[in-house]
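Here is what each chain is made of, one letter per residue.
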Amino acid sequence: MTATAESPVASPVKGLDMLELEITGKCQLSCTHCLTESSPRADHGTMTTADWRAVIADAATLGIPKVQLIGGEPTVHPNWREFTELALSLGMRVEVYSNLFHVRPAWWDTFSREGVTLGTSYYSDRADEHDRITGRPGSYQRTRAHILEALKRGIGLRVGMVDVLPGQRVAEGRTELEAMGVRRIQVDRARAVGRAALPGQAPSLGELCGHCAHGRAAILPNGNLAGCVLSRGFPVGNVRERPLAELLWSRQWGRLVERIPRPRRKTAVCGVCGVCTPHDSEGCDPSNEACDPTD
């Protein structure tokens, strides 16, 4: 599965700023809007540790500068720190997108490594509302405490807020985060993917922000390649069957890129979210897609 020197790795690969690695579907929480439908009952998928290591090596060979470990909850995968260390050793940066519900003391050393940043989700300034969305009592207090600890340690952190419930205290939650010292905060609506979709609702490219496949790609727990974790309903192949470079150069990938329109705003700061920039794929992320695509 490792890319060779002969692999065609021109423009589609050079345009990728980040590869999202959905290393597990398992999570301590059962968020009402979860795009992956993760829960404590889910599993890690069919990708093996060797498969993930090969994908990370392939990404480094292709010059992709950053990987994001996501799930589910990536830290419940027994090898998430191994994947982080491998990516760092290959000169890549790593973001761990965690719910920060449970953090073992030893993990702070990994989070504090140069080249590692954290992402997390937050829903309200009230514990009952936050916990109602996550489906886990105590999640507000734990996540809040670990956000404060990350800030205390000087760890790079960004927070996504998703508007899920009618009247949800999103603005108040953002104010609370700002008072805590969080500087990178984005707000989005719930996207109709996973548990947020209506019964029988088919996947739609209209639910994407426009950054999927433009600057990013994702590998799902079964090995499928998608434009991002939100576009999981539109896979273009599987890394367990074909090399990553071959998939990124395929006609299927090219067609997907063409089908996903660019974000409506092209200015330096997006008029919708106030954060997105045209060349920064971090402006939108899997739990927090901030810009709507062109109609």
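Residues numbered from 1 in each chain as written. Predicted model: local features only at pLDDT ≥ 70, side-chain atom pairs only at ≥ 80, totals over all residues. Heavy atoms only, no water.

Here's the deal with the nonpolar core
Formed by 65 residues in total, the largest nonpolar core has its most connected members in Leu19, Leu21 and Ile219. The element best represented in this core is helix α3 (residues 80-89), accounting for five residues. Once residues lying within four places of it in the same chain are set aside, the contact partners of Leu21 are Trp52, Val55, Ile56, Val67, Gln68, Leu69, Ile70 and Ile219. Of all hydrophobic cores here, the second largest spans nine residues; its members include Leu29, Cys34, Val162 and Leu165. (Core = buried A, V, L, I, M, F, W, Y, C linked by side-chain atoms within 4.5 Å. Buried < 20%, exposed > 50% of the residue type's maximum accessible area, 1.4 Å probe, protein only. Helix = DSSP H or I, 4+ residues; strand = E, 2+ residues; numbered from the N terminus. Contact = heavy atoms within 4.5 Å.)

Re the sheet that holds strand β1 (residues 18-22)
Read across the sheet, eight strands follow the order β6-β5-β4-β3-β2-β1-β7-β8 without closing on themselves; strand pairing throughout is mixed. Because the sheet does not close on itself, it has two edges, and the strands there are β6 (185-189) and β8 (225-226). The pairing of strand β2 (residues 66-70) with strand β3 (residues 93-97) spans four bridges and is classified as parallel. Its bridge partner being in β3, Lys66 is matched across the sheet by Arg93. Sheet strands touched by α3: β2, β3 and β4 (116-121). Its angle to β3, the strand with the most contacts, is close to 155 degrees. (Pairing = 2+ DSSP bridges. Axes fitted to C-alpha atoms, helices over the stretch in contact; angles between N-to-C directions.)

Here's the deal with the confidence of the model for the protein chain
On average, residues of the protein chain score 83 in pLDDT, and 78% of them reach the 70 mark or higher. Low confidence marks residues 1-12, where pLDDT is under 50. Its contacts with residues over four positions away, or in another chain, come to 24 contacts. When the criterion is pLDDT under 50, residues 265-295 qualifies, and its contacts beyond four places in sequence or with other chains add up to 97 contacts. (pLDDT = per-residue confidence, 0-100.)

Re the pairing of β2
Of all five residues that make up β2, five are buried, and the element is covered over most of its length. Burial of β2 is two-sided: the residues Lys66, Gln68 and Ile70 facing one way and the residues Val67 and Leu69 facing the other way are all buried. The pairing of β1 with β2 spans four bridges and is parallel. Bridge pairing links Leu21 to Leu69 in β2.

A few points about the side chain of Ser139
Its place among the elements puts Ser139 in helix α6 (residues 139-152). Sequence-distant contacts of Ser139, that is, excluding residues within four places in its chain, are made with Leu29, Phe101, His130, Asp131 and Thr134.

Overview of the state of the cysteines
Scanning the model with the defined rule gives one disulfide in all. One disulfide in the model links Cys212 with Cys228; its S-S distance is 1.7 Å. Handedness of the Cys212-Cys228 disulfide follows from its S-S torsion of about 50 degrees: it is right-handed. Of this pair, Cys212 sits in the loop between β6 and β7 (216-219) while Cys228 sits in the loop between β8 and α8 (244-248), and the two are 16 residues apart along the sequence. Here Cys27 stays unpaired: no disulfide links it, and the sulfur of Cys31, its closest cysteine neighbor, is 6.3 Å away. Owing to a relative accessible area of 12%, Cys31 belongs among the buried residues under this scheme. (Disulfide = S-S within 2.5 Å.)

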